[in-house]
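Residues per chain are reported as follows:
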Amino acid sequence: MASSPVHCDLDFSRPGRQHGHLYLPFSYNMAGWANLMVPITVLNGERGGPTALALAGNHGDEYPGQVALLRLSRELKLEEVRGRLILVPCLSMHASKAMTRLSPVDGKNFNRCFPGRPDGSPSEVLAHYLSSVLFPLADIVIDIHTGGRSLDFVPCAHMHLVPDLQQRERMRAGTEAWNSELAFLYADIAGSGLLPVEAENQGKTVITTEMGGGEAVPASVHRLTQSGLRNVLRHFGVLDGRPATRRELGIKPVRWVQALDREDYRFAPESGIYENLVDLGAEVSAGEPVGQIHFIERPDREPVPVVAASAGVLIGARSPSVVIQGDCVACIAHDVTW
Ligand SMILES: [Zn+2]
């Protein structure tokens, strides 16, 4: 890969804790020699453990991961770190401030920019830096998502079914270590260029999540995000200590579900006002309406139902009421055993 124009003021090999920034060259009308600055923290315990790269704010309007990494970067004692931990609490800083999914700087979806380009837009340049500099440093890549403002999810860790069986098994065990009630095998139904796919292609053990969604984040979701992250880091030996088991925590064995078929993702057939008919996390049967679309300008029209193609659990549901034709409004997942 071509070299990156991004400057980093950290030395990843230096022992101890360092807070610094990535500097992306950037110009605008009032500053010709400016930078877009991305905060980054490294904790290097130098005791022979693996390196984990933990990321949040891939999409700006997904906040639990950003809070979890901010807290971890300050609260973690260096003595707890066996290996090396690289934390980027907010990949899409301007989107986070603007409460948007896409970057207001270049209009890009950061999670469709991989592997990136050194001569591209700021999102593409940062994606290229991750692909060419940060991923090669890491054994484990953790990318914390939520449904953002568009979808509400049952809080869960999730993963792709990567073809390499050893890598898949490492990812399965790490995903379970998040200790979410559901663990979710998901498919990419909306384009390519995803961050986790690039990390998977580089052979990394990739752990991802959907920690709820929406603008209001319950304390329980924040707790699960923070406890899950720490437990995963203990599981892989990045942090000291034995990982907490589900039995110790008094929670049921994990329920693995999958949504790998396109028909598991339901899209709005028309624009209108969406009414969720089923509670998030509820079981649904084949053909059951999970929501319906109303037409504010046409009180005479019957609402149009959105039905489950097959039986399963409603793992993701539309959050904003106004929908545009083609929006994903529901995700229905099915039990699966390993
Ligand atoms: Zn996301």
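Residues numbered from 1 in each chain as written. Predicted model: local features only at pLDDT ≥ 70, side-chain atom pairs only at ≥ 80, totals over all residues.

Enquirer: So what exactly am I meant to see when it comes to the overall build of the chain here?
Expert: Looking only at helices and strands, the chain features seven helices and 19 strands. For the chain, the proportion of its 338 residues judged to be buried stands at 45%. Considering only residue pairs separated by 6 or more positions, the chain has 70% of its internal contacts joining residues 24 or more positions apart. (Helix = DSSP H or I, 4+ residues; strand = E, 2+ residues; numbered from the N terminus. Buried ≥ 20, exposed ≤ 12 C-beta atoms within 10 Å, placed from the backbone. Contact = placed C-beta atoms within 7 Å.)

Enquirer: What is the right way to look at the sheet that holds strand 18 (residues 322-323) in this model?
Expert: For sheets, the rule is that strands pair by backbone hydrogen bonds, running either parallel or antiparallel. If you walk across this open sheet you meet the four strands as 16-15-13-18, and the pairing is antiparallel. Here the strands that pair on one side only, and so sit at the sheet edges, are strand 16 (304-307) and strand 18. (Pairing = 2+ DSSP bridges.)

Enquirer: I would appreciate a short explanation of the environment of Leu 24 in the present structure.
Expert: One can find Leu 24 in strand 2 (residues 16-28). Distance in space between the C-alpha atoms of Leu 24 and Ser 123 is 9.5 Å, their sequence separation being 99 residues. Other than its neighbours up to four places away in sequence, Leu 24 contacts Val 6, Asn 35, Leu 36, Pro 122, Val 125 and Leu 126.

Enquirer: I'm lost on unusual backbone geometry in this one. Help?
Expert: The phi angle of most residues is negative, glycine excepted, and most peptide bonds adopt the trans form. Put simply, Phe 114 and Pro 115 share a cis peptide bond, and its omega is 5 degrees. Along the chain, the position of Pro 115 falls in the loop between helix 2 (93-98) and helix 3 (122-137). The backbone of Glu 46 sits at a positive phi, close to 55 degrees, despite the residue not being glycine. Assignment of secondary structure puts Glu 46 in the loop between strand 3 (31-44) and strand 4 (51-56). Of note, Asn 179 is a non-glycine position whose phi angle comes to about 65 degrees, a positive value.

Enquirer: Is there a simple way to explain the nonpolar core in this structure?
Expert: In a soluble, globular protein the nonpolar side chains are often hidden away together inside. Residues Ala 52, Ala 54, Leu 85, Leu 126, Ile 142 and Ile 315 are the most contacted members of the largest nonpolar core, which totals 84 residues. Examining the composition of this core, we find that seven residues originate from one element, helix 3, more than from any other. The residue makeup of this core includes at least three contributed by each of domain 1 (7-259) and domain 2 (263-335). For Ala 52, the contacting residues outside a window of four places in its chain are Leu 85, Ala 138, Asp 139, Ile 140, Ile 142, Leu 233, Phe 236 and Val 238. (Core = buried A, V, L, I, M, F, W, Y, C linked by C-beta atoms within 7 Å. Domains from an automatic or database assignment.)

Enquirer: Could you clarify how one ought to interpret the pairing of strand 5 (residues 84-88) in this entry?
Expert: For a regular strand, the rule is simple: side chains alternate between the two faces of the sheet. Judged by how many residues are buried, strand 5 sits mostly within the fold: five of five residues are covered. Side chains Arg 84, Ile 86 and Val 88 project from strand 5 onto one buried face, and the interleaved Leu 85 and Leu 87 project onto a second face that is buried too. Two elements, strand 3 and strand 5, share four bridges in a ladder whose sense is antiparallel. In the sheet register, Thr 41 faces strand 5, and the bridge partner there is Leu 87.

Enquirer: Just checking my understanding: could you explain the packing of helix 1 (residues 64-75) against helix 6 (residues 219-235) for this structure?
Expert: When two helices pack together, their arrangement is given by the angle between the helix axes and by the axis-to-axis distance. At a minimum axis separation of 9 Å, helix 1 and helix 6 run at an interaxial angle of 50 degrees. In this view, helix 1 runs oblique relative to helix 6, as classed from their interaxial angle. Regarding helix 1 and helix 6, the two cross each other, and that crossing is right-handed. Facing Pro 64, Gly 65, Val 67, Ala 68, Arg 71 and Leu 72 of helix 1, the residues of helix 6 in contact are Val 221, His 222, Thr 225, Gln 226 and Leu 229. Classifying every residue of the contact of helix 1 with helix 6 by side-chain character gives six nonpolar, four polar and one charged. (Axes fitted to C-alpha atoms, helices over the stretch in contact; angles between N-to-C directions. Parallel < 35°, antiparallel > 145°, perpendicular 65-115°, else oblique. Left-handed = near helix turned anticlockwise from the far one by under 90°. Nonpolar A, V, L, I, M, F, W, Y, C, P; charged D, E, K, R; others polar.)

Enquirer: Looking at this structure, how should I read the pairing of strand 11 (residues 255-259)?
Expert: In terms of strand pairing, strand 9 (residues 182-186) meets strand 11 through five bridges, oriented parallel. Bridging from a neighbouring strand, Ala 183 pairs with Trp 256 of strand 11. Of the strand pairs in this sheet, strand 11 and strand 19 (residues 328-335) are connected by two bridges, and their pairing is antiparallel. Paired with Val 257 across the two strands is Asp 335, which belongs to strand 19.

Enquirer: Whenever I open this one, the domain arrangement of the chain confuses me. Can you help?
Expert: Many structure descriptions define interface size as the accessible area lost when the parts assemble. Segmenting the chain into domains produces domain 1 (7-259) and domain 2 (263-335). Once you take the C-alpha centre of each, domain 1 and domain 2 turn out to be 29 Å apart. Listed by partner, the interface residues are 16 residues for domain 1 and 17 residues for domain 2. If you list the elements that add at least two residues to the side of domain 1 that touches domain 2, you get strand 7 (151-153), strand 9 and strand 11. The element best represented in the side of domain 1 that touches domain 2 is strand 11, accounting for four residues. Across the side of domain 1 that touches domain 2, the residue classes break down as eight nonpolar, five polar and three charged.

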